[in-house]
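Observations on the three-dimensional arrangement
Here's the letter readout for the chains.
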Amino acid sequence: MIYLDNAATTPVDPEVANVIHEALLENYYNPSSVYQAGKKNKHLINQARQQIKELIHLPKADLYFTSGATEANNWAILSQAKKAKALGYGHHIVATAIEHPSVLEVLKYLETQGFDITYLKPHDLNFSIEQFIAATTPQTIGWVAMLVNNELGARLPIEELGKIAKDHVKWFHVDAVQAFGHGKVDLEALNATSYSASGHKLGAPKGIGFLAYQPWDEKMTLQPLLHGGGQEAGLRSGTENLPYILGLTKAFELANQANLDNVSELASYLMNQLKQKGIQFERNGAHQVPYIVNLYFPNIDASQLLVQTDLANIAISAGSACSAGSLELSHVLSAYYPNDDKRHHQSIRLSFGKQNTKEEIDTFIQQLINLKERTKQLWHSQQPQH
Ligand code: PMP
C-alpha cells in the first residue's frame, strides 16, 4: 500500500508502538492506587505531561490529556465561551470558516445557546489580523483560528493574531492538530489561551491527545469536562490511559527536523515531476506547509482519480467532495474559491509522512498519466466517426 493520506491519520511509529506495548504489559496498575506501583504510574503521567510541555515550548501551560482533538476542541471552546459569558464579558465569537468540524459544530451548538458567531473567509487566499479586528465588537469574547488547515495545508497567521488578541478578546483558541509531527513547533510564540492536539496525526494511536490551557485572565478558569474520580486535576475524570500517554510523548520526541526536510523534498519533487511531465495543475490555498499538498487538476475528475489510485493500492483523499464518504462539497474550498464548482470536483489531497518516498510519488504520477490517457482515448472514441 502506498499511503499518501497522513493528514487523515498516520501509521503508528514502531518506536511508539514499542513504548505502548511495554507499558500495556508492565504498567497496568491504576495510577490512582496508593501502593508504589500505582504511584509510579501517576509519576510517569506527570513526567510525560512535563516533557510534552517542553517539547511544544509551552512550559507554563496546564496540559490535560484527552481522547483526541475533537474532545480538546469541544472542551476548550465550550469552557471558555461559557465562562466568559457567565462573567458578563459578552457572547460574540469570531472564527474562521475553514475550521475542522470538531470546532465548527461546537460553534453551531453555541449559536443555539445564545452566542453569536462571525465566520471569516479568506480574502485573496489569506486571513489577516485586520479581518479579525474588523469583526470584533464590544461583545466579542473569543477568537478561534486553526494553525494549519487539514485540507489545504494553509498556515494561518497565528503569531500575528496572538500579538494583538489579548487587547481585543478574553480568549483565543488554536486547533494545532496539523502542525505537529514535522520539526519543532513553538506554541509559546503564538500567545493563544488554548491549543488542541491529536496523537494519531503524528505517529501515536487514535484515542489520545491533549488540551493545553494558559488563560490571560485568572477568572477564566477551565471548567470540568467529566465529573468523577478527580483525575487530570479534577477536570477530566476517568482512569488515565498511561500506555497511550507514554506513546504520545514518544511521538512528540520523534518529531524532528529530518521529518520536515523529508516531506519538503517530497512536495517539491511531486510538483517538479508534474511540471516536467506536462501535467497541468494548480496548488490550492496559500502559505502552505510542505506535508499537505492539495492539487487542482483541470479536466481530471477527482472521483475517477480516487478510484484509479485505490485500484492501484494508493491511498489519497479527495480535495473536496466525498470527504468522509459524504457528497458534500468542501467548506474549505468553498471559502477559498467561491463560485468555482469545477475546482471542487477536480482537486485531490496528498499528505506526506516520514515513511514516504519519491518512488511512491512516481507511482502516483504514473496513475495520473494513465487516467489522462484513458480519458483522452474515451473522448476520441466517443466522437462521431466520419
Ligand atoms: N482538528 C483538525 C485540524 C483535524 O485534522 C482533526 C482530525 N482530522 C481533528 C481536529 C480531530 O482530531 P481527532 O481525530 O483526534 O478527534
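Presented here is an overview of the structure given in this document. This one's a predicted model, so the numbers in the text were calculated from it and none came from an experiment.

Calculation criteria
Per chain, residue numbering runs from 1 following the sequence as it is written. In keeping with the model being predicted, local features are shown solely for residues with a pLDDT of at least 70 and side-chain atom pairs are shown and tallied solely at 80 or more, while totals for entire chains, interfaces and linings include all residues. For side-chain calculations, the full set of non-hydrogen atoms in the structure is used, while hydrogens and water are omitted. Two aromatic rings from Phe, Tyr or Trp, using only the six-membered ring of Trp, form a pair when their centres are within 6.5 Å; if the ring planes differ by under 30 degrees the pair is stacked, by over 60 it is edge-to-face, and anything between is tilted. Every helix listed is a DSSP run of H or I at least four residues long, and every strand listed is a run of E at least two residues long, numbered separately from the N terminus. Type-normalised accessible area, obtained with a 1.4 Å probe on protein chains alone, sets the label of each residue: buried when under 20%, exposed when over 50%, and partly exposed for intermediate values. Note on pairing: DSSP must find at least two bridges between two strands before they are called paired. Every axis in this analysis is a line fitted to C-alpha atoms, fitted for helices over the stretch in contact. Angles between the N-to-C directions lie between 0 and 180 degrees. In this description, contact between two residues means that some pair of their heavy atoms is separated by no more than 4.5 Å.

**Regarding the packing of aromatic side chains**
In the structure shown here, the tally under the stated rule is 9 aromatic pairs. For the pair Tyr64 and Trp75, a centre-to-centre distance of 5.4 Å together with 50° between the ring planes defines the contact as tilted. Linking Tyr64 in strand E2 (residues 62–66) with Trp75 in helix H3 (residues 69–86), this pair joins segments that are 11 residues apart in sequence. You'll find Tyr64 and Trp75 in the same group, each marked buried. Summarising the aromatic geometry, the rings of Phe180 and Phe210 are spaced 6.3 Å apart at their centres and angled 55° between planes, so their arrangement reads as tilted. Separated by 30 residues along the polypeptide, Phe180 in the loop between strand E6 (171–175) and strand E7 (194–198) and Phe210 in strand E8 (residues 209–213) bring together distant segments of the chain. Accessibility assignment for this pair places Phe180 and Phe210 in one class, buried.

**Remarks on the sheet that holds E7**
Hydrogen bonds between backbone groups are what pair the strands of a sheet, and the pairing can be parallel or antiparallel. Reading across the sheet, the 7 strands line up as E2-E8-E7-E6-E5-E3-E4 and stay open at both edges, with mixed pairing between neighbours. For this open sheet the edge positions go to E2 and strand E4 (116–120), each flanked by a neighbour on one side alone. The sheet shows a mean angle of 20° between the axes of neighbouring strands, taken without regard to direction. Here E2 runs beside E8; their pairing, made up of 5 bridges, is antiparallel. Looking at E8, one finds that Leu63 is bridged to Ala212.

**Let's talk about the sheet that holds strand E10 (residues 292–296)**
On the basis of which strands lie adjacent, the open sheet formed by 4 strands has the order E9-E10-E13-E12 and antiparallel pairing. Because the sheet does not close on itself, it has two edges, and the strands there are strand E9 (282–283) and strand E12 (317–318). Where E12 meets strand E13 (residues 347–351), 2 bridges bridge the pair, whose relative direction is antiparallel. Opposite Ser317, over in E13, you have Arg349 as the bridge partner. Of the strands in this sheet, E9, E10 and E13 touch helix H8 (residues 257–276), which is tilted by about 20° from E10. Strands in contact with helix H9 (residues 302–311) are E12 and E13; relative to E13, the strand with the most contacts, it is inclined by about 40°.

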